[in-house]
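# Analysis of the macromolecular model
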Amino acid sequence: MSALTFTLKNRPDQRVDMSPLACHLLADLEPVQIATIELQCGKRKLCVDELFSISGFDTQKIIIQNSFSKLDYIGKDLNGGEIHVEGDVGAYCGISMQSGLIKISGNTGIYAGCEMKKGQLEISGDAGDFLGGALPGNKNGMKGGVILVKGNAGDRVGDHLRRGTILIEGNAGDYCGSRMIAGTIAVMGNTGKHIGYAMRRGTLLLWNQPSLSASFNDCGQHTLAFLPMLFKSFTHLNSSFANNAIAFNRVHRFAGDMSEIGHGEILVKI
Amino acid sequence: MIINGVTIDATFAEAFPMKGTRAIITAQNEKWAMIAAQAMTGFATSVIACGCEAGIERVLTPDETPDGRPGVSIMIFAMGGKGLAKQLETRAGQCVLTSPTSALFAGIDGGIRIPLGKNLRYFGDGFQTSKVISGKRYWRIPVMDGEFLAEATTGQVDAVGGGNFLVLAQSQPQALAACEAAIEEMKKIPNVIMPFPGGVVRSGSKVGSKYKTLGASTNDAFCPTLKGSTKKTDLSPDIESVMEIVIDGLTKEDIDKAMRVGIQAVCDLGAENGIMRISAGNYGGKLGPFHFHLQEIMA
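Residues numbered from 1 in each chain as written. Chains lettered and ligands numbered in written order. Predicted model: local features only at pLDDT ≥ 70, side-chain atom pairs only at ≥ 80, totals over all residues.

## With respect to the overall build of chain B
Looking only at helices and strands, chain B features five helices and 17 strands. Expected size for 299 residues packed as a compact globule is a radius of gyration near 19 Å; at 21 Å, chain B falls within 12% of this value. Within the span of chain B, comprising 299 residues, buried residues form 47% of the whole. The long-range share in chain B, meaning contacts at least 24 apart out of those at least 6 apart in sequence, stands at 74%. (Helix = DSSP H or I, 4+ residues; strand = E, 2+ residues; numbered from the N terminus. Rg over C-alpha atoms; globule rule 2.2 N^0.38 Å. Buried ≥ 20, exposed ≤ 12 C-beta atoms within 10 Å, placed from the backbone. Contact = placed C-beta atoms within 7 Å.)

If you want it as structure tokens, here you go:
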């Protein structure tokens, strides 16, 4: 069965709420029914077939073609199935995702994977701010699953991260891992200012020495047994993180943020 | 039935239901993984007085262990789930947590989850941290040599304990040599352990005793020095020594396999090496519902 494919006809001026086009919401619907679903576009509601040409049948594998940065909420609450996006996406991609797979060939806007619970979000381009974070006012960010960014990520990566793993092959912006409660963020590139700001627990795994605030204390150099297991868990990913050659277990450990409870750690590859 | 001059008695071994679990111990090298495994499975020959029966299943290569280090697989069996959990936790805490460079992982993914490192984490006094990797929770407990890594839980499954057979020989050295040969082969079978010292027990027991406080006592029917004094000896004049191999396993089939290869190894030595008979601990159905008929196993 061929994938259900939505090809954007023209780029609307207003932002589009794509949340109705998630696999679990489309299960058991025929393409004719899907074409009549209304999408919020600015202050108007547009039927799916006004924005997209539709082909294919498999509602559990969706392809969105010609996507651009104003298509918001792609894969919101996704509960199973796959969404493959060709192009950029807007804000809130994969927000509160419960399971399944979202692959983005381009860049994402702000709050990608925010408050996601499980599943996998793969971003081939760059990610905006608050990747895997919490919505303003909420206390818990991402609670599970894996976010993989092959490019760079913006500021506040994993803000309020509760559980789960965020992997960034490129650089991360300022306040990476801010207010982390637990979970793991790995950054192969460089990190910005105020890394781990107010983090409580969790692990920031870095390939390059960051600029650390005074509220992180040096715990020395160590061989940690869990690191090979962590790297082994990445081997199924289509990523540099899956490469055995990049795995290491010798790290320089910094504990913090001591202005919080200080049970978090920044591990820097030696 | 006679195999290579060895008589296989028309009898059966009686075994009983137990709860079992497996854990994987790794360390910097095989030597230290084995030391931790031996400590953890020590004083665990019989539930009669040890609280559990435990043993080393096999040595694991680095590519078979979760953390890629040399390891040892151990199994623990107890009469109930509560007792098993207590034994597992106590032994893990005193014998593996304390052993240099060790780490401890679940050896059974299914079954009822029982604590492995889940409560040991409190040794970390608040400095412990957990990591969920591929859906499994691991505890990192800071210790003086670095970090003790322990999986939170392991699986408890229904199991079978007390499978056994007796080797009856013309002399003590011949009985022991036959048992050693049997254990060598039985160690190759997965999912079983032979919990007694070196896998062999020389003090097989019967149910009950003339002393009211004892639930088990020497199996006088198979004691060669009592041939003339006990009323119900099961030994002919030419048998001078009897040794027993006890097997605990995850399933009846696992014990079947272990008994078959063990008895075969004994029979391969044959009558020319002084092996006269193979018998089994049969307590008339008082002990358990699993019956291992020797002649059926060797058919």
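## A look at the nonpolar core
Residue and element names in this part refer to chain B. Residues Ile25, Ile74, Ala150, Val167, Ala178 and Val266 are the most contacted members of the largest nonpolar core, which totals 167 residues. Two domains each donate at least three residues to this core, and these are domain 1 (2–14 + 159–297) and domain 2 (19–157). Among residues more than four places away in sequence, those in contact with alanine 150 are Ala103, Leu104, Leu116, Gly117, Leu120, Tyr138, Trp139 and Ile141. (Core = buried A, V, L, I, M, F, W, Y, C linked by C-beta atoms within 7 Å. Domains from an automatic or database assignment.)

## Things to note about the packing of helix α1 (residues 30–40) of chain B against helix α2 (residues 81–96) of chain B
All names here are of chain B. Their axes nearest at 9 Å, the elements α1 and α2 cross at an angle of 140 degrees. Comparing their axes, α2 and α1 come out oblique. Crossing geometry of α1 relative to α2 is assigned as right-handed. Touching Ala36, Ala39 and Met40 of α1 are Arg91, Ala92, Cys95 and Val96, all from α2. Partitioning the contact of α1 with α2 into residue classes produces six nonpolar, no polar and one charged. (Axes fitted to C-alpha atoms, helices over the stretch in contact; angles between N-to-C directions. Parallel < 35°, antiparallel > 145°, perpendicular 65-115°, else oblique. Left-handed = near helix turned anticlockwise from the far one by under 90°. Nonpolar A, V, L, I, M, F, W, Y, C, P; charged D, E, K, R; others polar.)

## Considerations on the packing of helix α3 (residues 172–186) of chain B against helix α4 (residues 252–269) of chain B
Residue and element names in this part refer to chain B. Across the interface, α3 lies against α4 with an axial gap of 8 Å and an inter-helix angle of 140 degrees. Here α3 is positioned oblique relative to α4, judged by the angle of their axes. Crossing handedness for the pair α3 and α4: right-handed. Counting all contacts with α3, which are made through Ala178, Ala181, Ala182, Glu184, Glu185 and Met186, the residues of α4 involved are Ala258, Val261, Gly262, Ala265, Val266 and Leu269. Looking at the contact of α3 with α4 residue by residue, the class counts come to nine nonpolar, one polar and two charged.

## Here's the deal with α2(B)
Residue and element names in this part refer to chain B. With 16 residues, α2 ought to run about 22 Å at 1.5 Å a step, and its terminal C-alpha atoms sit 21 Å apart, in line with that. Three or more residues of α2 are buried, namely Leu84, Ala85, Gln87, Leu88, Arg91, Ala92, Cys95 and Val96. Each buried residue of α2 sits inside an arc of 165 degrees when the element is viewed along its axis, so together they form one side. Exposed side of α2, more than 90 degrees from the buried face: Lys82 and Gln94 are the residues found there. Where the residues of α2 are buried, they touch β3 (12–26), α1, β5 (71–78), β6 (103–106), β7 (112–115) and β11 (153–169). (Expected span 1.5 Å × (residues − 1). Arc of directions from axis to C-beta.)

## Examining the interface of chain B and chain A
On the side of chain A, 12 residues touch chain B, which itself brings 14 residues to the contact. Among the elements that make up the side of chain B that touches chain A, the one with the highest residue count is strand β8 (residues 129–133) of chain B (four residues). Classifying every residue of the side of chain B that touches chain A by side-chain character gives six nonpolar, four polar and four charged.

## Some words on α1(B)
Residue and element names in this part refer to chain B. Every buried residue belonging to α1 is among Ala33, Ala36, Ala37 and Met40, and all of these are buried. Take α1 and look down its axis: the buried residues cluster within an arc of 100 degrees, on one side only. On its buried side, α1 packs onto β3, β4 (53–60), β5 and α2.

## Describing the domain arrangement of chain B
Residues and elements named next belong to chain B. Looking at the assigned domains, one finds that chain B contains domain 1 (2–14 + 159–297) and domain 2 (19–157). For domain 1 versus domain 2, the separation of C-alpha centres amounts to 30 Å. On the side of domain 2, 13 residues touch domain 1, which itself brings 12 residues to the contact. Taken together, the residues of the side of domain 1 that touches domain 2 break down into eight nonpolar, two polar and two charged.

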